[in-house]
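# Understanding the architecture of this molecule
Here are the chains, one letter per residue:
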Amino acid sequence: MNHYALFANLQDRPCLVVGAGEVGARKARQLVESGAAVTIVALEVGSEASDMASRGELKVEQRAFEDTDVDGAMLVIAATSDDALNQRIFD
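Presented here is a report on the structure given in the accompanying data block. (Residues numbered from 1 in each chain as written. Predicted model: local features only at pLDDT ≥ 70, side-chain atom pairs only at ≥ 80, totals over all residues. Heavy atoms only, no water.)

### A word on the environment of Ser34
Short version of the rule: Only DSSP runs of H or I reaching four residues or more are called helices, and only runs of E reaching two or more are called strands; each is numbered from the N terminus. Buried residues are those whose accessible area, probed at 1.4 Å on protein chains only, stays under 20% of the maximum for their type, while exposed residues exceed 50% and partly exposed ones sit between those limits. Working rule for contacts: check all heavy atoms of both residues, and any pair within 4.5 Å makes them a contact.
Looking at where Ser34 falls in the secondary structure, it is placed in the loop between α1 (22–33) and β2 (37–45). Its relative accessible area of 40% is what places Ser34 among the partly exposed residues. Linking Ser34 and Ala64, residues 30 residues apart in sequence, is a C-alpha distance of 26 Å. Contact partners of Ser34, with chain neighbours within four places excluded, come to Leu10 and Gln11.

### Brief notes about the nonpolar core
Soluble globular proteins: nonpolar side chains tend toward being buried together. Put simply, the rule reads: Buried residues of nine kinds, namely Ala, Val, Leu, Ile, Met, Phe, Trp, Tyr and Cys, make up a nonpolar core once their side-chain atoms join them within 4.5 Å.
Formed by 16 residues in total, the largest nonpolar core has its most connected members in Val17, Ala28, Leu31, Ala36, Val38, Ile40 and Leu58. Secondary-structure elements contributing two or more residues to this core are β1 (14–20), α1, β2 and α2 (47–54). Among all residues touching Leu31, those that are not within four sequence positions of it are Leu10, Cys15, Val17, Ala36, Val38, Leu75 and Ile77. Residues Leu16, Val18, Val41 and Ile89 belong to the second largest nonpolar core, which totals five residues.

### Details of the pattern of salt bridges
To keep things clear, this is the line we draw: By definition here, a salt bridge exists when the distance from a side-chain nitrogen of Lys or Arg to a carboxyl oxygen of Asp or Glu is within 4 Å.
Counting across every chain of the model gives seven salt bridges. Residues Lys59 and Glu61 are paired through a salt bridge, measuring 3.2 Å at the closest nitrogen-oxygen approach. Judged by relative accessible area, which is 47%, Lys59 ranks as partly exposed. A cluster of three or more residues bridged by salt bridges with shared partners is formed by Lys59, Glu61, Arg63, Glu66 and Asp69.

Next up, the structure:
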């Protein structure tokens, strides 16, 4: 797959990160730093994502991903260790 770098104004725009491990937390932090309104959906939530949520920087929903989670999101990042789930999120 070819990739294209994209610059977008994410200020207050809803963004979803699925996965809250090291990669998911890093992606979420970058989105928060860009001003996005970030929601993380993950079964297991690492300490960095949990800390960001406790500071009110983002929202965490500790549960399984549902297809409707992407509705209304400007940007969705699949950051799980499950290749099949990442593909489902992409699809």
